[in-house]
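Residue strings, one per chain:
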Amino acid sequence: MSSLCHTSAVLVVFMALAVSVGAEQLEEKSCDVIGDESSESQTERALLKKLEPLSQMRFNVTVEKGKTENYIYHFRVCREVNSSQHDFGGLVQTDRQGRRTTVIGRINETQVFNGSDWIMLIYKGGDSYGSHCSGEKRRAVIMISCKRGVIASSFSIISEEREKEQECFYLFEMDSSLACPAEDSHLSVGSILLITFASLIAVYIIGGFLYQRLVVGAKGMEQFPHFAFWQDLGNLVADGCDFVCRSKPRNVPAAYRGVGDDQLGEESEERDDHLLPM
């Protein structure tokens, strides 16, 4: 009985280890900005978070230069191109002739900054050059430009700068709406208040009409909400203006009085018979 329990415990331990290893493999690595975590700015974190919707996409571009250079460039935003190799390769070059793979830039050495309508993503720490650029490590620069209406498109390589002694790089570009600035509202505060007020009035009239008709059972003009109040609104406004705007004391009689019927004399019965022809 004890041996059976011991075997079961060993199996449980092995299963737990297998699950933890599988979970680590499934969890893909993301961009790590160059430097300590404490040195990362809020802007860099915000930009990486802004680019997160692109992380599940893969981008490829083929370049053919005669018979000697025939490459495919594979790119992912803040993810490894081939997570099974654990090489942090975020942008990888594959030679279609010899099937040789070269890491252009790694996501664990990332820089990111932006302008008004673009985001610059840089992967450093790629494989070393051979006879170019003093043998330094390769670097990929990806310019993400604003294009509204598309999440990502037009990934292409612009150039490879390798004729210098140092600071060589591969330059790529792509379009994405994620690089666009937030659209400012063209409505002023007054316009927003006016639209809100008009909407409330519409809700009041339509809702009140339906209530009066369907619940109260009103007909005709009585279907209008608070019909009696609105009917007397003119008198109420006049009384209010009279109360607020009157400059004289209320017990002082008005200087002008209207002419009443009692002030009119009797109608003259004089005839114009003399005007008639004889």
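Computed from a prediction, not measured in an experiment: that's the story for all the values here.

1. A word on the overall build of the protein chain
Here's step 1: The helix and strand tally for the protein chain stands at 5 helices and 8 strands.
Here's step 2: Secondary structure of the protein chain in N-to-C order comes out as α-α-β-β-β-β-β-β-β-β-α-α-α.
Here's step 3: Burial analysis of the protein chain (278 residues in total) assigns 26% to the buried set.
Here's step 4: Contacts spanning at least 24 positions in sequence make up 48% of the contacts within the protein chain whose residues lie at least 6 apart.
Here's step 5: Split by element, the accessible area of the protein chain, about 19800 Å² in all, is 57% carbon and sulfur.

2. Side note on helix H3 (residues 189-216)
Here's step 1: Relative to the 40 Å expected for 28 residues at 1.5 Å per residue, H3 spans 38 Å between its end C-alpha atoms, a close match to the ideal helical length.
Here's step 2: Glycine 217 lies just past H3 and shows a positive phi near 85 degrees.

3. Quick notes on the confidence of the model for the protein chain
Here's step 1: Summary statistics for the protein chain give a mean pLDDT of 81 and a share of 78% for residues scoring 70 or more.
Here's step 2: Element-level mean pLDDT values for the protein chain span from 49 in helix H1 (residues 2-26) up to 97 in strand E6 (residues 140-146).
Here's step 3: Overall, residues 18-25 carries pLDDT values under 50, and its contacts beyond four positions in sequence, including any with other chains, amount to 0 contacts.

4. Digging into the nonpolar core
Here's step 1: Core analysis: the largest hydrophobic core is formed by 34 residues, its most contacted members being Tyr73, Phe75, Leu91, Tyr123 and Ile142.
Here's step 2: Among the secondary structure elements, those contributing two or more residues to this core are helix H2 (42-50), strand E1 (59-65), strand E2 (69-75), strand E4 (101-114), strand E5 (118-125), E6 and strand E8 (169-176).
Here's step 3: With sequence-adjacent residues up to four places away left out, phenylalanine 75 is seen in contact with Met57, Arg58, Phe59, Val81, Gly90, Leu91, Leu121, Tyr123, Ile142, Phe155 and Met174.

5. Focus: unusual backbone geometry
In terms of backbone geometry, most residues other than glycine have negative phi values and most peptide bonds are trans.
Here's step 1: We note that histidine 86 has phi near 55 degrees; this positive angle belongs to a residue other than glycine.
Here's step 2: Mapped onto the secondary structure, histidine 86 falls in the loop between E2 and strand E3 (89-95).
Here's step 3: Backbone geometry at phenylalanine 88 places phi at a positive 60 degrees, although glycine is not the residue there.
Here's step 4: Among the secondary structure elements, phenylalanine 88 is positioned in the loop between E2 and E3.

6. Digging into the pattern of salt bridges
Here's step 1: Inspection of the entire model under this criterion finds 7 salt bridges.
Here's step 2: Linking arginine 106 and aspartate 127 is a salt bridge whose minimum nitrogen-to-oxygen distance equals 3.2 Å. One end of the pair, arginine 106, is in strand E4; the other, aspartate 127, is in the loop between E5 and E6, with 21 residues separating them in the sequence.
Here's step 3: Between arginine 139 and glutamate 167 there is a salt bridge, and its shortest N-O distance comes to 3.1 Å. Remark: glutamate 167 occurs in the loop between strand E7 (153-161) and E8 and arginine 139 occurs in the loop between E5 and E6; sequence separation between them is 28 residues.
Here's step 4: Judged by its relative accessible area of 46%, glutamate 167 falls in the partly exposed class.
Here's step 5: Bridged by salt links that share partners, the residues Glu28, Glu52, Arg76 and Arg79 form one connected network.

7. So, the side chain of aspartate 175
Here's step 1: Mapping aspartate 175 onto the fold places it in strand E8.
Here's step 2: Notably, aspartate 175 is buried but unbridged: the nearest opposite-charge side chain belongs to lysine 147, and the N-O separation is 4.5 Å.
Here's step 3: Excluding residues within four positions of it along the chain, aspartate 175 makes contact with Ser145, Lys147, Ile151, Ala152, Ser153 and Ser154.

8. Structural notes on the sheet that holds E6
Here's step 1: Pairing in this open sheet of 8 strands is mixed, and the strands run E1-E2-E3-E4-E5-E6-E8-E7 from one edge to the other. The open sheet has two edge strands with one neighbour each: E1 and E7. If you compare each strand with its neighbour and ignore which way they point, the axes differ by 25 degrees on average.
Here's step 2: Direction of pairing for E6 relative to E8: parallel, over a ladder of 7 bridges. The residue bridging isoleucine 142 from the neighbouring strand is phenylalanine 172, located in E8.
Here's step 3: Along the sheet, H2 makes contact with E4 and E5, crossing E4 at roughly 120 degrees.

How each quantity is defined
- Sequence order sets the numbering: in each chain, residues are counted from 1 along the sequence as written.
- For a predicted model such as this one, the threshold for reporting local features is a pLDDT of at least 70, and the threshold for listing and counting side-chain atom pairs is 80 or more; totals across whole chains, interfaces and linings nevertheless cover every residue.
- Side-chain calculation: all heavy atoms of the structure are included, whereas hydrogens and water are not.
- The secondary structure listing takes helices from DSSP runs of H or I that are at least 4 residues long and strands from runs of E that are at least 2 residues long, numbered from the N terminus.
- A 1.4 Å probe rolled over the protein chains alone gives each residue an accessible area, and that area as a share of the maximum for its type sets the label: buried under 20%, exposed over 50%, partly exposed in between.
- Whether two residues are in contact is decided by their heavy atoms, any of which lying within 4.5 Å being enough.
- For every accessible area listed, the method is Shrake-Rupley and the probe measures 1.4 Å; residues are considered covered only by the protein chains on display.
- Here the expected length of a helix is defined as 1.5 Å per residue gap, with one fewer gap than residues.
- pLDDT measures how confident the predictor is about each residue, on a scale from 0 to 100.
- What is meant by a nonpolar core is a set of buried Ala, Val, Leu, Ile, Met, Phe, Trp, Tyr and Cys residues, joined one to another through side-chain atoms within 4.5 Å.
- A pairing counts as a salt bridge when a side-chain nitrogen of Lys or Arg comes within 4 Å of a carboxyl oxygen of Asp or Glu.
- Neither His nor the chain ends contribute to the count of charged residues, in which Lys and Arg are positive and Asp and Glu negative.
- A pair of strands is treated as paired once DSSP finds two or more bridges between them.
- Between N-to-C directions, angles span 0 to 180 degrees; the directions come from axes that are lines fitted to C-alpha atoms, helices contributing only their stretch in contact.

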